[in-house]
Amino acid sequence: MLRIHEVVPWLLLLLGLSSCGIAIPQDPEGTLERVSGGTLRVGVSENAEWVQLPASGDPEGIEPELVEEFADTLDAGIEWVQGTEHELADDLHHGELDLAIGGFGADTPWIKDAGITRPYTETTDERGKTVKHVMLVPLGENAFLLKLDQFLQAQEVQL
Amino acid sequence: MNNGEKDAARFGHTALPPEQQRALRKAVKWEWITIIFLAVSTFLVYLVLGNSQAMKAAWIEDMLSFLPPISFLVATRVIRRRPSESHPYGYHRAVGVAHLVAAVALVVMGGYLLVDSGLKLVTAEHPTIGGITLLGNTFWLGWLMVLAMLLTAGPPVVLGIIKMKLAKTLHDKVLYADADMNKADWMTALSAAVGVLGIGMGLWWADSVAALIISTSILHDGIKNLRGAIGGLTDTRARTYDDSEPHPLGERIDAYLQSLPWVREARSRVRDEGHVFHIESFVVPRKWPGATLRRIEKAREACVGMDWKAQDMVIVPVTVLPEEFLPGLTQGGGEYR
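None of these values were measured; they are calculated from a predicted model.

## Notes on the sheet that holds strand β5 (residues 312-317) of chain B
Residues and elements named next belong to chain B.
Next, step 1: Across the sheet, 3 strands lie side by side as β3-β4-β5; this open sheet has mixed pairing. Among the strands making up the open sheet, the edge pair consists of β3 (263-272) and β5. Going across the sheet, the axis of each strand differs from the next one's by a mean of 15 degrees, ignoring polarity.
Next, step 2: Here strand β4 (residues 277-285) pairs with β5 via 6 bridges, running parallel. Looking across to β5, one finds that glutamate 280 is bridged to valine 314.

## Concerning the domain arrangement of chain B
All names here are of chain B.
Next, step 1: Entries for chain B in the domain assignment read domain 1 (3-233) and domain 2 (237-337).
Next, step 2: Summarising the inter-unit geometry, the C-alpha centres of domain 1 and domain 2 are found 37 Å apart.
Next, step 3: At the junction of the two partners, domain 1 supplies 24 residues and domain 2 supplies 15 residues.
Next, step 4: A class-by-class count of the residues in the side of domain 1 that touches domain 2 yields 11 nonpolar, 7 polar and 6 charged.

## Overview of helix α3 (residues 53-64) of chain B
Residues and elements named next belong to chain B.
Next, step 1: Here α3 contains 12 residues, and its C-alpha end-to-end distance of 16 Å stays within 8% of the 16 Å for a straight helix at 1.5 Å per residue.
Next, step 2: Looking only at α3, the buried set comprises Gln53, Ala54, Met55, Lys56, Ala57, Ala58, Trp59, Ile60, Glu61, Asp62 and Leu64.
Next, step 3: Structurally, α3 contributes buried residues whose contacts are with α2 (18-47), α4 (67-78), α5 (94-122), α6 (141-170), α8 (185-200) and α9 (204-233).

Cut-offs and rules
- Residues numbered from 1 in each chain as written.
- Chains lettered and ligands numbered in written order.
- Predicted model: local features only at pLDDT ≥ 70, side-chain atom pairs only at ≥ 80, totals over all residues.
- Pairing = 2+ DSSP bridges.
- Helix = DSSP H or I, 4+ residues; strand = E, 2+ residues; numbered from the N terminus.
- Axes fitted to C-alpha atoms, helices over the stretch in contact; angles between N-to-C directions.
- Domains from an automatic or database assignment.
- Contact = placed C-beta atoms within 7 Å.
- Nonpolar A, V, L, I, M, F, W, Y, C, P; charged D, E, K, R; others polar.
- Expected span 1.5 Å × (residues − 1).
- Buried ≥ 20, exposed ≤ 12 C-beta atoms within 10 Å, placed from the backbone.

Here it is in structure tokens:
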């Protein structure tokens, strides 16, 4: 059993550390720090108006545009990586991507391999079901995720 | 001896002394308050559950906390029934059944959470907690989790302390188990809060470690209660409401019977039926004619008058104390030591 004298030092430690100017949340793998002023590795999987992959040039569509704007706020360049959803989820899981887009819904089956943002817009599919649109991020990179969430929630996504 | 018939009118909860009646009414009231508090707190925590394993463990513990108050309220209804032809001992065992159900639930969930959290730690799964938008502001969901945990940490402790006193007065082990769990609840809430703050500081493992601590405490509660519940249902010698020692009533009854001038030897065996005890006292009279029915009945009434729990009691006059019913007899009477 945990006793009060075991808990209090931990709380004091946490309070102490947080008052020393550590921003909460932090990334265990330092994603936000690395991409700021650096390169954002973005996985893309073609999906209707969300992600379009022209024969030449950068990806187009709603989500690549959002990602480009987001990268600008971080002063980051973008490295586009094309793949199937399965490949992108696997790359996220192994820390080889920082972000994946492809018209993912909040009920995505890749939840074991990747974290998801808050839904930034909603659409209705041809079966009348509401789809909440999200992007995929590496698991547990919470500072980066919060930054992206804050950016996406501030956008008015026009369909 | 046919005391059962004469006892029927006083057996069951109608015979509770005023102090116990008051305690029972209070206990029912506080258990309803507990249920209302739990409903609010589980809903609150559910809203901010997110991906934290520690939060999930704390939430499941909250859900499990519904079981003891519900079993208590159901059991207090069932045991109000009078003994019937098909239930000559009354319905007091309902308390034991309720206790067992609650204990098994605790053990199963505690075990499940322990394995689940352990696996998350071993596979180094990084818990993901992002932003939440409230009133146009997007901030870290973890702060809300910590807030929810701190808000729900205090009240159960107060509930636990109040119910603990009532459990002692009522000799109610379900109420005791419930109060005990409530009293320990702040540690769960605080562990979850520390786990979430740990995630915030980039220590992904803090969450799983906090969840491990919480699940260990659930499992610990479960095993303790399971032991108590099974002990009660398998006729362990009656113990005090917190199972800390043999209940002193048996010793008092033996001492009283032995002090009677017509009694040479007396020993009892006592089992806990839930709230009340079932007592069989074996008495060896000095001379057989000395054990008149009047004396035996008077002795019985005196014993029953000692404690409200001692209503279902029989006195059996015997020539020799029966070793097979009173184990430990030949080792110098260790029964109540």
